[in-house]
Amino acid sequence: MGLLANNIYMLKIENLHVSIEEKPLLKGINLHINAGEVHAIMGPNGSGKSTLSSVIAGKKEYKVTTGIIRFEGEKIIHLSPEERAQRGIFLSFQDPIEIPGVSVTNFIRTSVNSLRKARGLEDMPIHDMLKTIRKKLEIFGMDKNFLSRSLNEGFSGGEKKRNEIFQMAMLNPKLSILDETDSGLDIDALRTVSQGINAFKSKKNAILIITHYYRILKYIVPDFVHVLYRGKMVKSGGKKLALDIEKNGYSWIKPV
Amino acid sequence: MKTREIKDFDYKYGFYTSIEADKFSQGLNEDTIRTLSEKKKEPFWLMYWRLDAFRLWKEMMEPKWGNVKFKKKKYQDISYYSAPIIKPLKGDPSLGTTLTKLGFSFEEQKRINGIAIDVVMDSILVASTFKKTLEDKGIIFCSISEAIIKYPELVKKYLGKVVNKNDNFYASLNSAVFSDGSFCYIPKRISCPIELSTYFRINEGGIGQFERTLVIADKGSYVSYLEGCTAPQRKENQLHAAVVELVALEGSEIKYSTVQNWFPGDKQGNGGVYNFVTKRGLCERQAKISWTQIETGSSITWKYPSCILQGDDSIGEFYSVALTKNYQQADTGTKMIHIGNNTKSTILSKGISAGKSKNSYRGLVKVASKAENARNFSQCDSLLIGNECGAYTFPYIEVRNSTASIEHEATISKIEEDQIFYCNQRGIDSEKSVSLIINGFSRDVLNKLPLEFAIEARKLLEISLDGSVG
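Just so you know, these numbers come straight off a predicted model, no measurement behind them.

1. Description of the overall build of chain B
Along chain B, the regular secondary structure elements total 12 helices and 24 strands. The buried share among the 470 residues of chain B stands at 56%. When contacts within chain B are restricted to residue pairs at least 6 apart in sequence, long-range pairs at least 24 apart make up 84% of them.

See below:
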């Protein structure tokens, strides 16, 4: 893909080293993502996939020892998680936490309005909010009752994941990091959710899929596939790389 | 989890209104009480009743059993009566301003909320709305002083019947010196069409506020009653020792909601209101009393809204959110006394502690030997913010009848960093995240409040935690 000289990447990670309690987890990650692209990061358990997504989102426990993360040209390592979210970074959590007593609607409303406030906009009128919510619910084949339930409380694995993607559709981020979104979804749910993600995908946004398995990539076709192994990107390629991994597992890929 | 620092915050109601006041000099003796009673043109029976209470009080010791620490009040240093000298409301701009600052626009309240409001400033009732609508239904809603003059039989019949004048130290003091408060009577089979509301405010310094509330729901009637409280920011501790008595006659229902936001003291723990209140309701056959309280203010809160379930098939409920921060202390809960058969009670208590505060639930469920098939369910949840606060639960259960069924559940949790991170990731800053989590934690109680009040209460929980996340 030819890049213009003045192109600013949506996400540009350079030589990123991350550790937690002195233990190195990521050892020199480079990653460039443009608007309109779908990237997949694959790798076995413990390779550092979730660490990478948490670090991009700004989780505090992780210490960036060297390296730069730029979002639309701006360095973001010093920014708080909410500032990153307000700039358009969204993380669909692998295991979303429960917030008892806070309904899905209330949470989404608070979130949408916090993002609007950061952009100097007024709160979204309740009527518009409910209308948008209803429309998105339909896309993801979700029941209305879902809205009044406490956030993630008593949700099945599949419901949690759907809820994450539903929020993504509501918040309309520029960069969506989908951390193991396929886990916990049965085949029908995976299809619906993937359809929703594909419908959401546009030339203006980018998607980073973090996954252990090939199966979600059948539905959401990546432009680039990267293999993460022991904290390093050991291989990058097109969508065919994902197929090779599906066939042969990870063992054939030797660390560089 | 790392410690979250509690910053000071603006107590939005901390203003003082300069209004000329007719205030007693400090001190308490039989003469003070006589003067007070005369000033209020009370009947003799009441003056004697007060003097009786005073004599009982003098023999009493201030109780020490609460899980709270405080410097004893010097009861002779308090002024026992302060009345704002009132010209008609419109003609007194300073009073009008106070009311506006407190969030009242009377015209607006009338139109939108359909809530009748009384305001008690310092000791006496200063404004009242909606009288006509109520009068048409035969509902009496006025200051207790007015009721004493206008409806002496009703007052005489019920005053002190639920909270006796020798009940406890603070209740006896209140009986001796109460200056004003609210009175409410709902006639038989009348369902009060609007929420009745009293707004209490301590304005003057160095006074004690001793209001007395008496709500009587006659057979088969219904009423929802709300009270709200604020006070100016002062260095010294102010005493608030109120008594609330509810009488729910056969088949009636009283819903009593409180949003208490007295000045909580500053971040070093100086000043603030001592809120030592006795609240109790009596249920006759098939009657129901629900207490709902949101306690965010006061340096010390010490109160146990209770139900005496005397009649068969009567029901008592207690729903509470108590939020403490800085050096605030709350020792609050309820007493459910099951006397009649098939009586039921529900207790739902949510304690939120932040800073160096101390938050205790103390509750008694008592089943008398003759009470067949009594049922109680209690749930006490505590939420901790930071590492320096404390949450305590003291459930007392006394059961003398084997057919009773008592359930008690208790949980203690902390706000998790992962919850905050989750909210942050959705663009919500940490303060807002905490208030969202707190509101969620309190939801089951907030849902019990009348809608307008619930919105206020939610805001209050947010205001109270402004700056609580470092």
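2. Considerations on the overall build of chain A
Check the secondary structure of chain A and you find eight helices and 12 strands. Over its C-alpha atoms chain A spans a radius of gyration of 18 Å, differing by no more than 12% from the 18 Å that the globule rule assigns to 256 residues. On the principal axes, the C-alpha backbone points of chain A span a range of 55 × 40 × 40 Å. Every one of the 256 residues in chain A was classed for burial, and the buried ones make up 41%. Sequence separation of at least 24 residues holds for 71% of the intrachain contacts in chain A that already meet a minimum separation of 6.

3. Details of the interface of chain A and chain B
Contacts between the two partners involve 23 residues from chain A, matched on the other side by 17 residues from chain B. Contributions of two or more residues to the side of chain A that touches chain B are made by helix H2 (81-87), strand E7 (99-103), helix H3 (104-118) and helix H5 (157-171) of chain A. By residue number, the principal contributor to the side of chain A that touches chain B is H3 of chain A, which donates five residues. In terms of residue class, the side of chain A that touches chain B is made up of 13 nonpolar, eight polar and two charged.

4. Here we look at the packing of H5 of chain A against helix H6 (residues 187-200) of chain A
Any two packed helices are characterised by how steeply their axes cross, that is the angle between the axes, and by the distance between the axes. All names here are of chain A. Relative to each other, H5 and H6 sit at 10°, their axes nearing to 10 Å. One element, H5, and the other, H6, form an angle in the roughly parallel class. For the pair formed by H5 and H6, the contact residues are Gly158, Lys161, Arg162, Ile165, Met168 and Ala169 on the first element and Ala189, Val193, Gly196, Ile197 and Phe200 on the second. Taken together, the residues of the contact of H5 with H6 break down into seven nonpolar, two polar and two charged.

5. Topic: the pairing of strand E22 (residues 375-384) of chain B
Residue and element names in this part refer to chain B. Bridge analysis of strand E20 (residues 344-353) against E22 gives 10 bridges, and the strand direction is parallel. Within E22, the position partnered with Ile352 by the bridge is Leu383. By the bridge criterion, 10 bridges tie E22 to strand E24 (residues 405-414) in an arrangement that is parallel. Counted as the bridge partner of Leu383 is Ser413 from E24.

6. Considering H3 of chain A
For H3 of chain A, with 15 residues, the first-to-last C-alpha span of 21 Å sits near the 21 Å given by 1.5 Å per residue. Of the surrounding elements, those touching the buried residues of H3 of chain A are H2, E7, helix H4 (126-139), strand E8 (150-151) and H5 of chain A together with helix H10 (430-441) of chain B. With its phi angle positive at about 75°, Gly120 of chain A sits one or two positions after the end of H3 of chain A.

7. Some details on the sheet that holds strand E4 (residues 63-71) of chain A
Note: strands within a sheet are paired through backbone hydrogen bonds, in either parallel or antiparallel orientation. All names here are of chain A. Sheet architecture is open: four strands sit in the order E2-E1-E4-E5, paired in antiparallel fashion. Strands with a single pairing partner mark the edges of an open sheet, and in this sheet they are strand E2 (23-33) and strand E5 (74-75). Packed on one face of the sheet, helix H1 (residues 49-57) meets strand E1 (11-20), E2 and E4 and runs near 70° to E2.

8. Here we look at the sheet that holds strand E3 (residues 38-42) of chain A
All names here are of chain A. Read from one edge to the other, the open sheet built from six strands follows the order E6-E9-E10-E3-E11-E12, with strand pairing classed as mixed. Strands at the two margins of the open sheet, each flanked by one partner only, are strand E6 (89-92) and strand E12 (232-237). Pairwise comparison of adjacent strand axes, ignoring direction, gives a mean angle of 20° for this sheet. Packed onto the sheet, H1 meets E3, E6, strand E9 (175-179), strand E10 (206-211) and strand E11 (224-229) and runs at close to 150° relative to E9. This element, H5, spans E6 and E9 of the sheet and lies at about 165° to E6.

9. As for the packing of H3 of chain A against H5 of chain A
Residue and element names in this part refer to chain A. In contact at an axis separation of 10 Å, H3 and H5 are set at 35° when each is read in the N-to-C sense. The two elements H3 and H5 meet at a crossing, and its hand is right-handed. Note on element contacts: H5 touches H3 through Asn163, Gln167, Met170 and Leu171, opposite Val104, Ile108, Ser111, Val112 and Leu115. Here the residues of the contact of H3 with H5 are counted per class, giving six nonpolar, three polar and no charged.

10. Looking at the pairing of strand E15 (residues 288-295) of chain B
All names here are of chain B. Burial analysis of E15 places eight of its eight residues in the buried class, which makes it a mostly covered element. What you see with E15 is no split at all: Lys288, Ser290, Thr292 and Ile294 on one side and Ile289, Trp291, Gln293 and Glu295 on the other are buried throughout. Relative to E15, strand E13 (residues 253-260) runs parallel, the two sharing eight bridges. Within the sheet, the bridge partner assigned to Lys255 lies in E15 and is Ser290. Two elements, E15 and strand E18 (residues 315-324), share eight bridges in a ladder whose sense is parallel. Each bridged residue has a counterpart across the sheet, and for Thr292 the counterpart in E18 is Tyr319.

11. Some thoughts on the environment of Thr334 of chain B
Residue and element names in this part refer to chain B. Of note, Thr334 is situated in strand E19 (residues 329-338). Spatially, the C-alpha atom of Thr334 lies 9.3 Å from that of Lys279, the residues being 55 residues apart in sequence. For Thr334, the contacting residues outside a window of four places in its chain are Trp291, Tyr304, Pro305, Ser306, Phe318, Ile347 and Gly363.

12. Overview of the environment of Glu284 of chain B
All names here are of chain B. Note that Glu284 resides in the loop between strand E14 (272-283) and E15. Residue Glu284 is classed as buried on the basis of its 20 C-beta neighbours within 10 Å. Placed 172 residues apart in sequence, Glu284 and Glu456 show a C-alpha to C-alpha distance of 32 Å. When sequence neighbours within four positions are dropped, the list of residues in contact with Glu284 reads Ala248, Leu249, Glu250, Gln310, Gly311 and Ser314.

13. Some points on unusual backbone geometry
Residue and element names in this part refer to chain A. In the Ramachandran plot, Asn15 falls in the positive-phi region, its phi being about 45° despite a non-glycine side chain. If you trace the backbone, Asn15 turns up in strand E1. Here the phi dihedral of Glu72 falls at roughly 50°; this positive angle occurs in a residue that is not glycine. Locating Glu72 in the fold gives a position in the loop between E4 and E5.

14. A closer look at the environment of Asn205 of chain A
All names here are of chain A. Looking at the secondary structure, you find Asn205 in the loop between H6 and E10. In this structure the C-alpha to C-alpha distance between Asn205 and Ala118, which are 87 residues apart in sequence, comes to 19 Å. Beyond its immediate chain neighbours, meaning those up to four positions away, Asn205 contacts Ala35, Pro173, Lys174, Leu175 and Ser176.

15. Description of helix H8 (residues 239-248) of chain A
Residues and elements named next belong to chain A. Listing the buried residues of H8 in full gives Leu241, Ala242 and Ile245. Angular distribution of buried residues about the axis of H8 spans 105°; they occupy a single face of the element. For H8, the exposed residues lying more than 90 degrees away from the buried face are Lys240, Lys247 and Asn248. Elements in contact with the buried residues of H8: E3, helix H7 (215-219), E11 and E12.

What counts and how
- Residues numbered from 1 in each chain as written.
- Chains lettered and ligands numbered in written order.
- Predicted model: local features only at pLDDT ≥ 70, side-chain atom pairs only at ≥ 80, totals over all residues.
- Helix = DSSP H or I, 4+ residues; strand = E, 2+ residues; numbered from the N terminus.
- Buried ≥ 20, exposed ≤ 12 C-beta atoms within 10 Å, placed from the backbone.
- Contact = placed C-beta atoms within 7 Å.
- Rg over C-alpha atoms; globule rule 2.2 N^0.38 Å.
- Nonpolar A, V, L, I, M, F, W, Y, C, P; charged D, E, K, R; others polar.
- Axes fitted to C-alpha atoms, helices over the stretch in contact; angles between N-to-C directions.
- Parallel < 35°, antiparallel > 145°, perpendicular 65-115°, else oblique.
- Pairing = 2+ DSSP bridges.
- Expected span 1.5 Å × (residues − 1).
- Left-handed = near helix turned anticlockwise from the far one by under 90°.
- Arc of directions from axis to C-beta.

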